Structures are given as structure tokens and as C-alpha cells.
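Read off the chains here:
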Amino acid sequence: MTSFSDALCAWYRVAGRDLPWRRTREPYALWVSEIMLQQTQVEAVIPYYARFLERFPTVAALAAADQGEVLKLWEGLGYYARARNLHRAAQQVMAEHGGRFPSTFDAVFALPGIGRSTAGALLTFAFDQPHPLLDGNVKRVLSRLEDLDAPVARASAEERLWARSTELLAGATDAWTFNQALMELGARVCTPRAPDCPACPVATHCRAFAAGTQAMRPVKVKKAPVPHKDIGVAVLWNAARDQVFVQRRPPDGLLGGLWEFPGGKREPGEVMEDTVRRELHEELGLDIAVGAPVVRVKHTYSHFKVTLHVFHCHVLRGEPTLRAATEGGFRPLSELRKLAFPKANLRILDVLLSGS
DNA sequence: AAACCGGGGTC
DNA sequence: GACCCAGGTTT
């Protein structure tokens, strides 16, 4: 019988996709791709990858950039801590490694935003060093290969999968091709639903296929339902009615460093107009008038849902004083596109720019 | 170990 | 709607 790695690599050489980051061995470019690809599908990353490398072609260029511009290029991709960590790590590579991306596991693993799997991928793809990886695709492939009946989120199960990834890689002659092929198999054949087992090059090695349990693998524990919040949001115009107030969120946590229209969460029994008035008084020390509704925006985050209730507002008394926000002020609508906004706020901006 | 951290594609 | 994606960090 053909070995697992030979069968897998032979399939990849024929069926593997031609992706931008598979055409380079340049560590920095691969690094950018690996960070963008965390929890993000290939098709979504491709345009961001090209734009990011065009604007920041080197570690030095990225390290020298303003965080706001880095976030602007990340706008819409989500998990913005990835961009903040990448930016910070670039500065770390300049300071600690003379601008050259490190080539040892410990040094790569020490960079912010790079964990065990991403470090393994980078060392393999940039330096041809055989290090195992274990992303979502590989977890699924290996849990089926083993017919693993323990929830893959459990630490003991995950360690088993790491051991299997290590073991299978050791049987491969070409680590680069093997690791690419393992992920490609998960993305194209060994898919979450309806895996294409008849087309699988390693079906003869697969215990779940033999047992007919592939649809039940990997075993996942169901997640708790996410809470919902109603948020009152102000499109706050200045006295001349030609500028709106935007502010920058705190540097860490949810949507850290991005810009937004001010507002906050509705309290029990409160009507949305009162929420907006209260929040702007608390956040900015302003007395405002709440006028016509602009739009309602529903949005789902990883662990909660929101409905944004947006109103045209104007200042009755006072000057805005920033509390939680780090920057903010009245800006012409035409300048807001230069700032990085989260998706839900971009919808508001779209309405303001097209509707009025 | 569990929570936190976005957005989009898919069924 | 539910599930999942080239995961890592924080608590």
C-alpha cells in the first residue's frame, strides 16, 4: 500500500490550488498570509493579502507605519488583535532580529500573534524546516483518520492530534508539500459537511471512513447561545451641521483601535432615544437632542449579537470630553473613509454617504 | 478549561 | 438560523 504521505503529496501536486502565498518563500509575506488566514477562509484573505503587501512590502515598512493605517488595511477582515499584534511583532523583529524574520521555532513562537500552529507553518513554508501544524482543517482530517471520539476541543484530544501531525510529518520526504497537502485536503475533500471520501487520496488510511463515522467526526461540543444587546448610536452633528462626531475605541479588547459613532447599551425598560441621550452624557459630557432615526443595523460577533439603533442628533450644550475613547472629534463626512471602522459602523457610514 | 476576539460562506 | 474557517491571548 502506498504510504500516507506519498499518496497525499501525489494528490496535492495534481490537485493543490495555486494560491498567492504558495508562490513565495519570503518569510515576511508568508507571515502576513498566515496571520490573515487565522480563522479566516482563503477567498476572504486574497484581496487583503495583495493590498497589504503592496502598501507594506517589508517588515521595516510595516514596523514604521501608523497603527491606524495598518487597521485600515485590515478593515472588514475581523479579529483586529491580529493586525495590532502583527504590527507590534514587526517592530519587535526590527529591534530584536535586525529586521530579519527569525528562523528558529522559539524565536518565531515568541512573537505576538504566533502560536504553535502558525510557528510550525511558517518554519515549514519559509525555511523548509519540518514542524507539525494543527489548524482547523488538519484537526478535522486527523480526527477522522483516527476516528477520534473525544471532543477535539479537549486538551488531551488535541495533544493526540499534535502527536499524529508530528508522526505523519516524520514519514514525509517533503515537509513543505506535506503540510500544504494536509491543509488542502481539509479545505477541499475532507470538508466539515459531506466529505468527498470517494475522491480522497488517503481514504484507505482513514478509520472513520472504514467505520462509516466520518460525518460524526470531529466531535464538537455545542456552544451556548449568544446574548443579544440593543445599542443606541448617535450620528452627532456639530452646530453648523457639516461635521459628525467619531471616536477611537480603546487600544485593546473588542474592535480595539477602530473608530466608531458614539453610543452604548440600552438598560432595561429604556427607550432607545433615552439610551442615546444617557450614553452621550456619560461618555462625552454632552447634552444632546435626539432626532430622526438613520438606520437599524443587526450584527453578529463571535460571542454576542447586537442591534444598533442609530439616530440623527445634535448638541444642545457643551463640548465633547473623551472618557473611554483615546481620540475623537467632529469630522467632515468625506474624511471618515480614511479611518478604520468595524463592519456594523461601516453600514451606518454607507447610509450617511449615499442616503443624504 | 473557558472566555474572548469578527466577519463571511454555506447549507 | 447553525456551523465553521490556515488560532491566539487572556483569565
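Residues numbered from 1 in each chain as written. Chains lettered and ligands numbered in written order. Predicted model: local features only at pLDDT ≥ 70, side-chain atom pairs only at ≥ 80, totals over all residues. Heavy atoms only, no water.

Remarks on helix α10 (residues 155–170)
Its 16 residues give α10 an end-to-end C-alpha distance of 23 Å, which sits within 8% of 22 Å, the value for a rise of 1.5 Å per residue. Next to the buried residues of α10 lie α1 (4–15), α8 (116–127), α9 (136–145) and α11 (175–188). (Helix = DSSP H or I, 4+ residues; strand = E, 2+ residues; numbered from the N terminus. Expected span 1.5 Å × (residues − 1). Contact = heavy atoms within 4.5 Å.)

Thoughts on the protein's contact with DNA strand C
Residues in contact with DNA strand C amount to 25 residues; listed here are only the nearest, Gln39, Gly113, Asp135, Asn137 and Arg140. Among the atoms of DNA strand C close to the protein, meaning within 4 Å, 67% are from sugar or phosphate groups. Trp21 places a side-chain nitrogen or oxygen 2.7 Å from a base nitrogen of DNA strand C. Asn137 places a side-chain nitrogen or oxygen 2.3 Å from a phosphate oxygen of DNA strand C. Elements that contribute at least two residues to the surface near DNA strand C include exactly α8, α9 and α11. (Near = heavy atom within 4 Å. Polar contact = N/O pair within 3.5 Å; in protein donor to acceptor, adjacent residues only side chain to side chain.)

Here we look at the pairing of strand β6 (residues 305–317)
Both faces of the sheet carry side chains from a regular strand, because those side chains alternate between them. Of the pairings in the sheet, the one linking strand β1 (residues 228–237) to β6 comprises 10 bridges and is parallel in character. Pairing of Asp230 across the sheet is with Thr307, part of β6. Two strands pair when backbone bridges link them, and strand β5 (residues 287–300) and β6 are joined in this way by 11 bridges, in the antiparallel orientation. Residue pairing for β6: Val297 is matched across the bridge by Leu308. Following β5, the chain reverses through 4 residues before pairing antiparallel with β6. (Pairing = 2+ DSSP bridges.)

Remarks on the protein's contact with DNA strand B
Around DNA strand B sit 19 residues, and of these Tyr79, Ala155, Leu255, His299 and His303 come closest. Taking the atoms of DNA strand B that fall within 4 Å of the protein, sugar and phosphate contribute 65% of them. A distance of 3.0 Å is found between a base nitrogen of DNA strand B and a backbone nitrogen or oxygen belonging to Gln39. Note that a sugar or linking oxygen of DNA strand B is positioned 3.4 Å from one of the backbone N or O atoms of Gly76. For the surface near DNA strand B, the per-class residue count stands at 8 nonpolar, 9 polar and 2 charged. (Nonpolar A, V, L, I, M, F, W, Y, C, P; charged D, E, K, R; others polar.)

Quick look at unusual backbone geometry
Trans is the prevailing form of peptide bonds, just as negative phi is the prevailing case for residues other than glycine. The step from Arg217 to Pro218 runs through a cis peptide bond, and the omega angle for that step is -5°. Within the element layout of this structure, Pro218 appears in the loop between α12 (207–211) and β1. Not every positive phi belongs to a glycine, and Tyr79 is a case in point at roughly 45°. Along the polypeptide, Tyr79 turns up in the loop between α5 (67–74) and α6 (81–97). Here Arg241, not a glycine, exhibits a phi torsion of approximately 60°, which is positive. In this structure, Arg241 sits in the loop between β1 and β2 (244–248).

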